[in-house]
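Per-entry structural report
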Amino acid sequence: MKKDDLRKPARNPKFIPGIFNYCDRWCERCIFTARCQTFAMEQEASRREGGPPRDMAAFWKRFEASLKRTKKLALDMAKERGTTFDPAEMEEISREEERKNRVLKKHPMARAGMKYIKMVDQWFKTGESALREREEEILAQARLGVTRVKEEVASLTDVVEILRWYQHQIYVKLMRGLDADKEDAAAGEFPKGSDGSVKVALIAMDRSIAAWLRLKEFFPDKADSILTMLVHLDRLRRAAEKEFPDARSFVRPGFDTGESPK
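Residues numbered from 1 in each chain as written. Predicted model: local features only at pLDDT ≥ 70, side-chain atom pairs only at ≥ 80, totals over all residues. Heavy atoms only, no water.

Section: the nonpolar core
- Counting residues in each nonpolar core, the largest one holds 42 residues, and the members touching the most others are Trp-212 and Leu-215.
- Breaking this core down by element, the ones donating at least two residues are helix 5 (108–126), helix 6 (128–143), helix 7 (149–187), helix 8 (193–218) and helix 9 (223–243).
- Apart from the residues lying within four places of it in its own chain, the contact partners of Leu-215 are Trp-123, Leu-156, Val-159, Leu-163 and Ile-226. (Core = buried A, V, L, I, M, F, W, Y, C linked by side-chain atoms within 4.5 Å. Buried < 20%, exposed > 50% of the residue type's maximum accessible area, 1.4 Å probe, protein only. Helix = DSSP H or I, 4+ residues; strand = E, 2+ residues; numbered from the N terminus. Contact = heavy atoms within 4.5 Å.)

And the structure:
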């Protein structure tokens, strides 16, 4: 990708500025992909590199290469503007970022977000046999001609996909919000970008809670473990709303501003 490739989409009026900053990155379910600069660039990169990665190893290899290209582009563009980087200063900045990240990880919301990741992994690990049994039961009903089996399969699949998609994102978006909050406060910025990140985390929690409630209908015998999950998520959600009282009202470009998705 060349510098002109990076600049060209930004001049396209069809793209909604900043829409990609406050999304859940679930492009397959997003109605605004036609107006998202990041999606367009990723599609173009995928086309040039022969389609989507074949597996996770290929994905990370491509991701690493993309980071290297982006870093080179940033350095080249800075050089064009007469900006230079002191290696010692850059190293100090890197150390400061690592220190700040360690502090953020100790925040109660960050700890709760990481705990949720582990809780979900454990639930699916112990519930794997129950999921398989439920799948076999649905297939048996299909063989007997029971109606609405396809809808039930689709619903169960959707619930699992939602839980797995947002499992890590809640933590990531909360961390981003906590990190940006101090910068927003120092700059006197309003509305705060940190509120936007936390709003995405709150939406992820809302959808995850709804998905756990739906999953409880499929597995009533797992009600206790699912209720434990729901209590943990609800406490985390209330803690985020208390620390970021303006997050819910944050207006995200595109999603909350009434633009057409096409």
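What follows picks up the thread again.
Quick look at unusual backbone geometry
- Phi is positive for Arg-25, close to 65 degrees, though the residue is something other than glycine.
- Turning to its location among the elements, Arg-25 is positioned in the loop between helix 1 (3–7) and helix 2 (37–48).
- Accessibility expressed as a relative area gives 35% for Arg-25, which makes it partly exposed.

What about helix 9?
- With 21 residues, helix 9 should reach 30 Å at 1.5 Å per residue; the first-to-last C-alpha distance of 30 Å fits that figure.
- Where helix 9 is concerned, the buried positions are Ala-223, Ile-226, Met-229, Leu-230, His-232, Leu-233, Leu-236, Arg-237 and Ala-240. (Expected span 1.5 Å × (residues − 1).)

As for empty space enclosed by the protein
- Across all of its chains, the model carries one cavity of 30 Å³ or more by this definition.
- If you add up the space inside the largest cavity, you get close to 80 Å³.
- Around the largest cavity, the lining residues are Ile-19, Phe-20, Cys-23, Arg-25, Trp-26, Cys-27, Cys-30, Phe-32, Thr-33, Cys-36, Phe-39 and Phe-255.
- In terms of residue class, the lining of the largest cavity is built from ten nonpolar, one polar and one charged. (1 Å grid on protein atoms, 1.4 Å probe; cavity = no way out; pocket = protein on both sides within 12 Å on 5 of 7 lines; lining within 4 Å. Points joined across faces, edges and corners; volume = space filled by probe spheres on them. Nonpolar A, V, L, I, M, F, W, Y, C, P; charged D, E, K, R; others polar.)

Looking at the packing of aromatic side chains
- Enumeration over the complete set of coordinates arrives at eight aromatic pairs.
- Their ring planes at 75 degrees and their centres at 5.4 Å tell us that Trp-123 and Trp-212 sit as a pair that is edge-to-face. In this pair, Trp-123 sits in helix 5 while Trp-212 sits in helix 8, placing the two residues 89 residues apart along the sequence. Considered together, Trp-123 and Trp-212 belong to a single accessibility category, that of buried residues. (Phe/Tyr/Trp six-rings, centres within 6.5 Å; stacked < 30°, edge-to-face > 60°.)

Here we look at the packing of helix 5 against helix 8
- Packing of helix 5 against helix 8 brings their axes to within 15 Å, and their N-to-C directions diverge by 20 degrees. In terms of orientation, helix 5 and helix 8 fall into the roughly parallel class. Here the hand of the crossing between helix 5 and helix 8 comes out left-handed. Within the contact between the two elements, helix 5 uses Tyr-116, Val-120, Trp-123 and Phe-124 and helix 8 uses Ser-208, Trp-212 and Leu-215. (Axes fitted to C-alpha atoms, helices over the stretch in contact; angles between N-to-C directions. Parallel < 35°, antiparallel > 145°, perpendicular 65-115°, else oblique. Left-handed = near helix turned anticlockwise from the far one by under 90°.)

Some remarks on the layout of surface pockets
- By volume, the second largest pocket is sized at about 250 Å³.
- When contributions to the lining of the second largest pocket are tallied by element, the ones reaching two or more residues are helix 7 and helix 8.
- If you tally residues by element for the lining of the second largest pocket, the top one is helix 8, at three residues.
- Of the residues contributing to the lining of the second largest pocket, the split by class is eight nonpolar, no polar and four charged.

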